[in-house]
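What the coordinates show
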Amino acid sequence: MADNEPGLVAKAIQLAFDAANGRNRTLSWLIPPCLFLLDALLCAVVIWKVPYTEIDWKAYMEQIEQYVAGERDYTVIKGGTGPLVYPAAHVYLYTVLYYMTDKGKDIFLAQQLFAVLYMATLAVVMACYWRAKVPPYVFPLLILSKRLHSIFVLRCFNDCFAVFFLWLTIYLFQKRAWTLGTGAYTLGLGVKMSLLLVLPAVGVILLLGRGFTGSLQLAAIIAQVQFTLAVPFLRENAHGYLSRAFELSRQFFFKWTVNWRFVGEETFLSRPFALGLLAMHASVLLWFVVNKWLKPAGKPWSAIVASILRLSSPFSSQEEAQVSTQVSPEYVMTTMLSANLVGLLFARSLHYQFYSYLAWSTPYLLWRCGAHPIVQYALWALQEWAWNVFPSTNVSSGVVVGVMAVTVALVAASREQTRTSASYPSRERKVA
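Residues numbered from 1 in each chain as written. Predicted model: local features only at pLDDT ≥ 70, side-chain atom pairs only at ≥ 80, totals over all residues. Heavy atoms only, no water.

1. A look at the overall build of the chain
Counting secondary structure elements, the chain contains 19 helices and two strands. Taking 2.2 N^0.38 as the reference for a compact globule, 432 residues should give roughly 22 Å; the C-alpha atoms of the chain span a radius of gyration of 23 Å, in line with that estimate. Along the first, second and third principal axes, the C-alpha atoms of the chain reach 80 × 60 × 45 Å. Within the chain, buried positions represent 51% of all 432 residues. Considering only residue pairs separated by 6 or more positions, the chain has 78% of its internal contacts joining residues 24 or more positions apart. As displayed, the chain offers around 19500 Å² of accessible surface, 66% of which is attributable to carbon and sulfur atoms. (Helix = DSSP H or I, 4+ residues; strand = E, 2+ residues; numbered from the N terminus. Rg over C-alpha atoms; globule rule 2.2 N^0.38 Å. Buried < 20%, exposed > 50% of the residue type's maximum accessible area, 1.4 Å probe, protein only. Contact = heavy atoms within 4.5 Å. Areas by Shrake-Rupley, 256 points an atom, 1.4 Å probe, with all protein chains shown as cover.)

2. Section: the pattern of salt bridges
One side chain can pair with another of opposite charge once the charged atoms of both are near each other. Applying the stated criterion to the full structure yields two salt bridges. Notably, a salt bridge pairs Asp159 with Lys192, separated by 2.8 Å at the nearest N-O pair. On the criterion of sequence distance, the pair formed by Asp159 in helix H7 (residues 159-174) and Lys192 in the loop between helix H8 (178-191) and helix H9 (199-210) is long-range, its members being 33 residues apart. The buried category is assigned to Asp159, whose relative accessible area is 0%. (Salt bridge = Lys/Arg side-chain N within 4 Å of Asp/Glu carboxyl O.)

3. Here we look at the packing of H9 against helix H10 (residues 212-245)
If you want to describe how two helices pack, look at the angle between their axes and the distance between the axes. Where H9 contacts H10, the two axes come as close as 7 Å, and the packing angle between them is 135°. By the angle between their directions, the pair H9 and H10 is classed as oblique. Considering how the two elements wind past one another, H9 and H10 form a crossing that is right-handed. On the side of H9, the interface is formed by Leu206, Leu207 and Arg210, while H10 contributes Phe212, Gly214, Ser215, Gln217 and Leu218. By residue class, the composition of the contact of H9 with H10 is four nonpolar, three polar and one charged. (Axes fitted to C-alpha atoms, helices over the stretch in contact; angles between N-to-C directions. Parallel < 35°, antiparallel > 145°, perpendicular 65-115°, else oblique. Left-handed = near helix turned anticlockwise from the far one by under 90°. Nonpolar A, V, L, I, M, F, W, Y, C, P; charged D, E, K, R; others polar.)

4. Here's the deal with a nonpolar patch on the surface
Taken together, the side chains of Val9, Ile13 and Phe17 present a nonpolar region at the surface, about 290 Å² in accessible area. You can see Val9 is positioned in helix H1 (residues 5-20). (Patch = residues over 30% accessible without salt bridge, like charges linked within 9 Å, V, L, I, M, F, W, Y side chains within 5 Å.)

5. Some details on unusual backbone geometry
The residue after Phe390, namely Pro391, is reached through a cis peptide bond having omega -10°. Looking at where Pro391 falls in the secondary structure, it is placed in the loop between helix H18 (373-387) and helix H19 (394-413). With a phi close to 55°, Asp102 is a non-glycine residue in the positive phi region. Counting through the fold element by element, Asp102 comes out in the loop between helix H4 (88-100) and helix H5 (107-131). For Arg176, which is not glycine, the phi dihedral falls at a positive 65°. Among the secondary structure elements, Arg176 is positioned in the loop between H7 and H8. By relative accessible area, Arg176 is classed as buried at 3%.

6. Describing the nonpolar core
Ranked by size, the top nonpolar core spans 130 residues in total, and within it Tyr129, Trp167, Leu208 and Trp360 carry the most contacts. When residues no more than four places from it in sequence are discounted, the contact partners of Leu208 are Trp293, Leu294, Pro296, Ala297, Phe315, Glu320, Val323, Ser324, Val327 and Tyr331. (Core = buried A, V, L, I, M, F, W, Y, C linked by side-chain atoms within 4.5 Å.)

7. With respect to the packing of aromatic side chains
Under the criterion given, the structure shown has 34 aromatic pairs. Ring geometry for Tyr129 versus Trp167: centroids 6.3 Å apart, planes at 35°, classification tilted. Residue Tyr129 is found in helix H5, and its partner Trp167 is found in helix H7; the two are separated by 38 residues along the sequence. Overall, Tyr129 belongs to the buried group, its relative accessible area being 0%. In this structure Trp167 comes out as buried when scored by relative accessible area, which is 1%. Taken together through their ring pairs, the aromatic side chains of Trp29, Tyr129, Trp130, Phe139, Trp167, Tyr364 and Trp367 make up a single cluster. Over the face of the ring belonging to Phe254 we find Arg261, whose NZ or CZ atom lies 5.0 Å from the ring centre. Positioned over the ring face of Phe268 is Arg348, at 5.6 Å from the centre of the ring. (Phe/Tyr/Trp six-rings, centres within 6.5 Å; stacked < 30°, edge-to-face > 60°. Lys NZ or Arg CZ within 6 Å of the ring centre and 35° of its normal.)

8. A word on the environment of Ile47
Tracing the chain through its elements places Ile47 in helix H2 (residues 25-49). For Ile47, a relative accessible area of 11% translates into the label buried. Taking the C-alpha atoms as reference points, Ile47 and Ser414, separated by 367 residues in sequence, lie 40 Å from one another. Contacts of Ile47, omitting those with residues within four sequence positions, involve Phe108, Gln111, Gln112, Ala115 and Val153.

9. Description of H2
An α-helix turns once per 3.6 residues; consequently, residues spaced three or four apart project the same way. With 25 residues, H2 extends 37 Å between its outermost C-alpha atoms, agreeing within 8% with the 36 Å of an ideal straight helix rising 1.5 Å per residue. Along H2, the residues that are buried comprise Ser28, Pro32, Leu35, Asp39, Cys43, Val46 and Ile47. (Expected span 1.5 Å × (residues − 1).)

10. Section: the confidence of the model for the chain
Mean pLDDT over the chain works out to 92, with 94% of the residues at or above the 70 mark. The model gives residues 420-431 a pLDDT under 50, and that stretch makes 37 contacts with residues more than four places away or in other chains. (pLDDT = per-residue confidence, 0-100.)

11. As for the packing of H9 against helix H15 (residues 329-345)
Packing of H9 against H15 leaves a shortest axis separation of 9 Å and a crossing angle of 155°. By the angle class used here, H9 and H15 are roughly antiparallel. In the crossing of H9 with H15, the sense of the turn from one axis to the other is right-handed. Seen from H9, the contacting residues are Ala201, Val202, Val204, Ile205 and Leu208; seen from H15, they are Tyr331, Val332, Thr335, Met336 and Ala339. When its residues are assigned to classes, the contact of H9 with H15 shows nine nonpolar, one polar and no charged.

Here it is, written out as structure tokens:
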């Protein structure tokens, strides 16, 4: 009997490794749903045991109360934390929550609703990971974040809705449902302008996946939806709405920054620092467009840009169909999340709720760039620690920026993907 024990232990270890790496079809498929159920229980425990933290919910409800009373001028609507600075879809979503939670008074119900939103987002995230063929050993990182649970079920930030629509966009693009994905993206953008960070990736994906004419049609949908959502506010004060909902020159408070505290307040508030970050963001983004995102096109980027500037397609009909097959689930996810990460890395200031855009992105990008599992878990742990330090310190902010910079560098240095979309089930090939 004793002679057989080492063999049994070795087999058990091998079985665990096979399941974790996706090689055991039966057990590997069980890991995501088991983790999902575990996280549902965790959300319930957090709501039950951890006190709710008031940050923005009361201000949201104060602003919605004015909207419900008939106010449509964005320069007039204000709450305890300041003026209304989010696009129209935010107003509509929180108006629904206003009525569902007894004008914002039933915080416990609001937390439950945000727990449902969290679980719905997690389900979409896991579906995206599975379609991108991410091995199950990465999935535990999707449910272990203390800060992420706090953002959803203890703070009820509007970023939660924006993140849900971001991941829904990725999933629908992976399924090649271009119109539905574009609709999800523009709804998320209508909640919070943070989704502008992935707009360049959306543009490239639609160009390659849907073609030049099709991508222009989908771009028009984005503009039309934004305009339709904003009509009541544009009629009242168009400049006021645009300057508040999509304000790009907003001043940030040094005391709330999570990322750039280590540079000091004088540097943080300086105009050269802001312009330097903007220049670096544009430069790194351009590098990714030229050297990563446009590679499936099989043409020089200069030729593609020249054709677009002439308002003509860079591809023939045959080339368009061939390029479209290169827009695989992995390509979609890598392109969207790398654009998001580059934007966050060079953001002037990140507050704690912005971790919701990062927490589910980092595990995939670290895996995608080929980092060893120990490195993946170590960098994730460092990132999680840094985002849970409150208030941020020079060390924690340095770690926040450092982990993002390392991840961007690893993604930039990684090899190009070679799989195509041909091996994936597709509900549509052209447009929904």
